[in-house]
Amino acid sequence: MKKLRISIENVKNLLEAKGVKPSFQRISVLKYLLQENNHPSVDTIYKNLVSQIPTLSRTTVYNTLKLLSEKEVISTLSISNTDLRFDFVGEPHDHFQCNTCGKIYDIYEISDFSELKTVDGHQVQEMQLHLKGTCNRCLESLN
Ligand SMILES: [Zn+2]
Ligand SMILES: [Zn+2]
């Protein structure tokens, strides 16, 4: 997982550009998402931020994510049916989830499918690929 250094100013500008009022809690949630780049769930974000923002509630985190999703700042991953995961909308990419450790990795290298223009006469405009298996770290620890 790459950890990025994101300034509050950047996050604020990003929210304003999307027409979202940059409240402190919204900035904190989006900053976490950008910085950690780990496709967190509502719970993960809440647990990580509540120590810094004692007034934060799970509902606020959820509502913030819902708003950011509606404004297309972030996207909701449908890789798992059981828990909702969130991702920043940046460069289009696919996902790989490890069945062993549960981590979700960004995949940028699948190019064959991006050439796909039509399927069964349907015009393809976007595609999300969800791959599942055993990640390279888990494979290493098995050997
Ligand atoms: Zn793994
Ligand atoms: Zn991603």
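Residues numbered from 1 in each chain as written. Chains lettered and ligands numbered in written order. Predicted model: local features only at pLDDT ≥ 70, side-chain atom pairs only at ≥ 80, totals over all residues.

K.L.:
Can you walk me through the pairing of strand β4 (residues 104–107) in this structure?
P.N.:
Within a regular strand, side chains alternate between the sheet's two faces. In terms of strand pairing, strand β3 (residues 94–98) meets β4 through four bridges, oriented antiparallel. If you follow F96 over to β4, its bridge partner there is Y105. Counting the residues between successive antiparallel strands, the hairpin from β3 to β4 contains five residues, one of them, G102, with a positive phi of roughly 80°. (Pairing = 2+ DSSP bridges. Helix = DSSP H or I, 4+ residues; strand = E, 2+ residues; numbered from the N terminus.)

K.L.:
Could you clarify how one ought to interpret the domain arrangement of the protein in this entry?
P.N.:
How big an interface is tends to be expressed through the accessible area that disappears when the partners come together. Entries for the protein in the domain assignment read domain 1 (8–88) and domain 2 (94–142). If you look at the interface, domain 1 gives four residues, while domain 2 gives four residues. (Domains from an automatic or database assignment. Contact = placed C-beta atoms within 7 Å.)

K.L.:
Is there a simple way to explain the environment of T64 in this structure?
P.N.:
Take T64: it is sitting in helix α4 (residues 58–70). Look at T64 and you get buried, because 23 C-beta atoms sit within 10 Å. Spatially, the C-alpha atom of T64 lies 13 Å from that of G19, the residues being 45 residues apart in sequence. Once residues within four sequence positions are removed from consideration, T64 is found in contact with Q25, R26 and V29. (Buried ≥ 20, exposed ≤ 12 C-beta atoms within 10 Å, placed from the backbone.)

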